[in-house]
Amino acid sequence: MDVLRRSSMFASEVLDVFDRSLTEKELVSQSKALCRDYILSRLNQNGLGWSKTEINFSAPNAALAEVSLVLLCLGDELECIQPSLYRNVARQLNISVAMENVVSDAFLGVATEIFSIRSITWGKVVAMYAVAGALAVDCVRQGHPITVHIIVDSLGQFVRKFLVPWLKRRGGWAEIMKCVVKMDCTPERPWLSSVIDSLKYFLTTVYVYIMKEQ
């Protein structure tokens, strides 16, 4: 995470890139690009050794790369608090990753449940990305890498339908960089609080989704 320790001047330049009114298309595109980066990180973290070329992922925008690193940092923090929640997600949801529509419906169902209670927070946003990453790991591990793109598209669909207005009010993804202290990956207290809430929602989500499938 050396990049996160760069000067505050560079961080300011990154924020300036986002300091304008972003369109829905731009926000959805950025959200999907961040999802691709998150998934790639989790695939490599789990020893699957995939590259952007192998799964046809394009390189992220230079400014967005800074935001991506912060998102990954917060995702690490979330997954460390309760790692069992973000392992074998497909098994927890009792779904087959061989069926693209099932994976898409499951992801959208989980995302909907995560955001169904109270207000939208960055903690819930990160939780959604953590689920996407974990589900993608299950897909690749079980021999269905093409389904990774379905997860990315599903996340984009969810962002377009439910999160674009919220992101616009915050000036886009740049605000997530305020969730770390001095860009050193030390989460602030509001972030930790939202993480705990997200864990509760995800536990409830798994139960609710499984019950719906009975």
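Residues numbered from 1 in each chain as written. Predicted model: local features only at pLDDT ≥ 70, side-chain atom pairs only at ≥ 80, totals over all residues. Heavy atoms only, no water.

The protein has the name BCL2 family apoptosis regulator BOK b in an unreviewed UniProt entry, where Xiphophorus couchianus is given as its organism. Reading the Subcellular location (unreviewed entry) entry of the UniProt record for the protein gives the comment "Membrane". Per its UniProt entry, the protein bears the Sequence similarities (unreviewed entry) comment "Belongs to the Bcl-2 family." (UniProt positions renumbered as here; feature names shortened; annotations may be inferred.)

1. Description of the overall build of the protein
Assigned secondary structure in the protein consists of eight helices and two strands. Counting helices and strands in the order they occur from the N terminus, the protein gives α-α-α-α-α-α-α-β-β-α. Relative to its 214 residues, the protein shows a buried fraction of 48%. A sequence separation of at least 24 residues applies to 79% of the contacts in the protein between residues at least 6 apart. With the model as given, the accessible surface of the protein reaches about 10300 Å², and the carbon-plus-sulfur share is 52%. (Helix = DSSP H or I, 4+ residues; strand = E, 2+ residues; numbered from the N terminus. Buried < 20%, exposed > 50% of the residue type's maximum accessible area, 1.4 Å probe, protein only. Contact = heavy atoms within 4.5 Å. Areas by Shrake-Rupley, 256 points an atom, 1.4 Å probe, with all protein chains shown as cover.)

2. A closer look at the nonpolar core
Core analysis: the biggest nonpolar cluster contains 62 residues, and Met128, Tyr129, Trp173 and Ile176 have the highest contact counts within it. Considering each element in turn, this core owes the most residues, 15 residues, to helix 6 (residues 122-141). What Met128 contacts, discounting residues up to four positions off in sequence, is Phe107, Ala111, Ile114, Phe115, Leu155, Phe158, Val159 and Leu163. (Core = buried A, V, L, I, M, F, W, Y, C linked by side-chain atoms within 4.5 Å.)

3. Digging into the environment of Ser21
If you trace the backbone, Ser21 turns up in the loop between helix 1 (8-18) and helix 2 (24-45). Residue classification places Ser21 among the exposed residues on the basis of a relative accessible area of 67%. Sequence separation of Ser21 and Gly172 is 151 residues, and the distance between their C-alpha atoms is 8.1 Å.

4. Section: the packing of helix 2 against helix 6
At a closest axis distance of 9 Å, the pairing of helix 2 and helix 6 adopts a crossing angle of 55°. With respect to each other, helix 2 and helix 6 are oriented oblique. For the pair helix 2 and helix 6, the sense of crossing is right-handed. Here Ser31, Leu34, Cys35, Tyr38, Ile39, Arg42 and Leu43 of helix 2 lie close against helix 6, whose contacting residues are Tyr129, Ala130, Ala132, Gly133, Ala136, Val137 and Val140. Of the residues that constitute the contact of helix 2 with helix 6, the class distribution is eleven nonpolar, two polar and one charged. (Axes fitted to C-alpha atoms, helices over the stretch in contact; angles between N-to-C directions. Parallel < 35°, antiparallel > 145°, perpendicular 65-115°, else oblique. Left-handed = near helix turned anticlockwise from the far one by under 90°. Nonpolar A, V, L, I, M, F, W, Y, C, P; charged D, E, K, R; others polar.)

5. A closer look at the environment of Asn101
Position of Asn101 among the secondary structure elements: in helix 5 (residues 100-114). By relative accessible area, which is 48% here, Asn101 ends up partly exposed. Along the backbone, Asn101 and Ile151 are 50 residues apart, and their C-alpha atoms lie at a distance of 10.0 Å.

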